[in-house]
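# Summary of structural features
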Amino acid sequence: MPQTKVDYVLLTAARNEAAYIEGTLESVLAQTRKPRRWVIVSDGSTDETDRIVRHYQSRADFIIFARRDDGTSGIDFARKVQALCHGQRMLEGLDYGFIGNLDADITFEAGYFEFLLDEFQKYPTLGIAGGMIYESRNGQFVPRHLSEAQYVPGAVQLFRRNCFEQVGGYSLCRWGGEDTIAVVSARMKGWQTRSIPGLQVFHHKVSDVSRGQWRERFREGAMFHALGSHPLFELLKSIRWMAKPPYILQGIVRMYGYIWAACSGQKRVVPEDFIHFLRKEQRTRLNS
């Protein structure tokens, strides 16, 4: 197989990540198998993000820096997808076998991408893969709870290029969930998706802290309504959140976000066949 076919490229959307992005840059520069190209899009950053990325760009010719300003502020997860699409357009005409989305606040070991690419070579139907997320909590890193091994966190999704193109890349979603849409869509088309046990990724900025705990739970509820998740499945997930401190309230806020989205007429962002497939998977999980 020609070397270009196992080459990989990366996309990063960074907004005010000066406190963390240097660690991500160092992690990629230390890789035993480096990317062919890494497009970092500064999405209206107002801190030192741009300066830091430009400094590292002078050290590695595979880093491409771009800036995107759309004049809006606040949290809108469609912004991230728009920034990633902006970066993807800069890859047109380039030959590569894999494409990854990499958040700007994570670190990992030097053999991370080499290990992932070896997994793709072993399993031809593996469409999306990534490491296991460890989050910073009270001064130490603990594993993020995953409800299913088939889910690959958006912060570290690496796609086989054919899979990425078949699912149409990332979808625009105000409430987030573009990563979930990608993995479910991939499975709809016959691809395998999975996080690799033991392949650690350290996430330094926890969303509960950066965006606020209650806002994050509400967003999750609204997001899963937009994705067509079954009401019973979401009720059970919200009940599980009630067992986490601060007790009861997180689950209530999460379910309220789902109900609010339903009652206020928020539109689904996925087609009916996606919803049917997702709910079929959810029923299988509930039955097991």
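Scroll up for the structure.
Here's a quick rundown of the structure. Keep in mind that this is a model prediction, so the values were computed, not measured. (Residues numbered from 1 in each chain as written. Predicted model: local features only at pLDDT ≥ 70, side-chain atom pairs only at ≥ 80, totals over all residues. Heavy atoms only, no water.)

### Thoughts on the overall build of the chain
The condition that has to hold: A run of H or I in DSSP counts as a helix once it spans at least four residues, and a run of E counts as a strand once it spans at least two, with each numbered from the N terminus. Per-residue accessibility, obtained with a 1.4 Å probe over protein chains only, is compared with the maximum for each type, and a residue is labelled buried under 20%, exposed over 50%, and partly exposed between these values. In what follows, residue pairs with any heavy atoms lying within 4.5 Å of each other are defined as contacts.
Tallying secondary structure elements over the chain gives eleven helices and nine strands in all. Considered along the principal axes of its C-alpha atoms, the chain spans approximately 50 × 40 × 35 Å. Burial analysis of the chain (288 residues in total) assigns 51% to the buried set. Relative to all contacts within the chain whose residues are 6 or more apart in sequence, the contacts with residues 24 or more apart total 78%.

### Thoughts on the pattern of salt bridges
Side-chain pairing between opposite charges can occur once the charged atoms of the two side chains come close. Rules: The salt bridge definition used is simple: a Lys or Arg side-chain nitrogen within 4 Å of an Asp or Glu carboxyl oxygen.
Considering all chains together, one arrives at 18 salt bridges under this definition. For Asp43, the salt bridge goes to Arg79, with nearest N and O atoms at 3.0 Å. One end of the pair, Asp43, is in strand E2 (residues 37-43); the other, Arg79, is in helix H3 (residues 77-89), and 36 residues separate them in sequence. On the basis of relative accessible area, Asp43 is assigned to the buried category, the value being 4%. The network of salt bridges with common partners includes Arg217, Glu220, Glu234 and Arg254.

### Focus on unusual backbone geometry
For the peptide bond that leads from Pro245 to Pro246, omega is -10 degrees, which places it in the cis range. Position of Pro246 relative to the elements: it lies in the loop between helix H9 (231-241) and helix H10 (249-263). Here Asn16, not a glycine, exhibits a phi torsion of approximately 55 degrees, which is positive. Looking at where Asn16 falls in the secondary structure, it is placed in the loop between strand E1 (8-14) and helix H1 (21-29). Overall, Asn16 belongs to the partly exposed group, its relative accessible area being 33%.

### A short note on a nonpolar patch on the surface
Rule in force here: Like-charged residues are merged into a patch within 9 Å and nonpolar side chains (Val, Leu, Ile, Met, Phe, Trp, Tyr) within 5 Å, provided each residue has over 30% relative accessible area and no salt bridge. Here the Shrake-Rupley method, with its probe set to 1.4 Å, supplies the accessible areas, and only the displayed protein chains count as covering residues.
On the surface, a nonpolar cluster with roughly 510 Å² of combined accessible area is contributed by Trp214, Tyr247, Ile248, Leu249 and Ile252. Tracing the backbone through its elements, the reader meets Tyr247 in the loop between H9 and H10.

### A look at the nonpolar core
In a soluble, globular protein the nonpolar side chains are often hidden away together inside. This is how the line gets drawn: The nonpolar core is taken to be a set of buried Ala, Val, Leu, Ile, Met, Phe, Trp, Tyr and Cys residues, with the residues joined through side-chain atoms within 4.5 Å.
Leu91, Ile99, Ile128, Phe159, Cys163 and Tyr170 are the most contacted members of the largest nonpolar core, which totals 39 residues. Looking at this core, the elements with two or more residues in it are E1, E2, H3, helix H5 (161-166), helix H6 (178-188), helix H8 (213-226) and helix H11 (272-287). With five residues, the top contributor of residues to this core is H6. With near-sequence residues (within four places) excluded, Phe159 lies in contact with Gly97, Phe98, Ile99, Phe120, Gly127, Ile128, Phe164, Tyr170 and Ala182. Listed in part, the 35 residues of the second largest apolar core include Ile133, Ala155, Val156 and Val201.

### Considering the packing of H9 against H10
Using the following cut-off: Structural elements are reduced to axes, namely lines fitted to C-alpha atoms, with helices fitted over the stretch in contact, and the angle between N-to-C directions of any two is expressed from 0 to 180 degrees. The scheme is simple: roughly parallel for angles under 35 degrees, roughly antiparallel for over 145, roughly perpendicular for 65 to 115, oblique for anything else. Less than a right angle of anticlockwise turn of the near helix away from the far helix marks a crossing as left-handed, whereas a clockwise turn marks it as right-handed. Side-chain classes are defined by residue name, with Ala, Val, Leu, Ile, Met, Phe, Trp, Tyr, Cys and Pro counting as nonpolar, Asp, Glu, Lys and Arg as charged, and the others, Gly among them, as polar.
At a closest axis distance of 7 Å, the pairing of H9 and H10 adopts a crossing angle of 155 degrees. In terms of orientation, H9 lies roughly antiparallel with respect to H10. The element H9 and its partner H10 pack so that their crossing is right-handed. Every residue of H10 that contacts H9 at Pro231, Glu234, Leu235, Lys237, Ser238 and Trp241 is listed here: Gln250, Gly251, Arg254, Met255 and Tyr258. Classifying every residue of the contact of H9 with H10 by side-chain character gives five nonpolar, three polar and three charged.

### Quick look at the environment of Ala261
By secondary structure assignment, the location of Ala261 is in helix H10. Ala261 sits in the buried class, given a relative accessible area of 0%. Sequence-wise, Ala261 and Gln157 are 104 residues apart; in three dimensions their C-alpha atoms are separated by 27 Å. Here Ala261 is in contact with Ala222, His225 and Gln266, once residues within four sequence places are set aside.

### Side note on the state of the cysteines
Where we set the bar: The criterion for a disulfide is a pair of cysteine sulfur atoms lying within 2.5 Å.
Going through the model one piece at a time under the given rule, you end up with zero disulfides. There is no disulfide at Cys163, and the cysteine sulfur nearest it, in Cys85, is 16 Å away. The exposure class of Cys163 is buried, given its relative accessible area of 0%. Just so you know, Cys173 is unpaired, no disulfide at all, and the nearest cysteine sulfur is the one on Cys85, 11 Å from it.

### What about H11?
Here is the rule: A helix's residues, less one, multiplied by 1.5 Å, set its expected span. What the arc measures is the spread of directions leading from the helix axis to the C-beta atoms.
Compared with an ideal rise of 1.5 Å per residue, which puts 16 residues at 22 Å, H11 spans 22 Å between its outermost C-alpha atoms and is within 8% of the ideal. Where H11 is concerned, the buried positions are Phe274, Ile275, Leu278, Glu281 and Gln282. Axial view of H11: buried residues confined to an arc of 130 degrees, hence all on one face. Among the exposed residues of H11, those pointing more than 90 degrees away from its buried face are Glu272, His276 and Asn287. Packed against the buried residues of H11 are H6 and H9.

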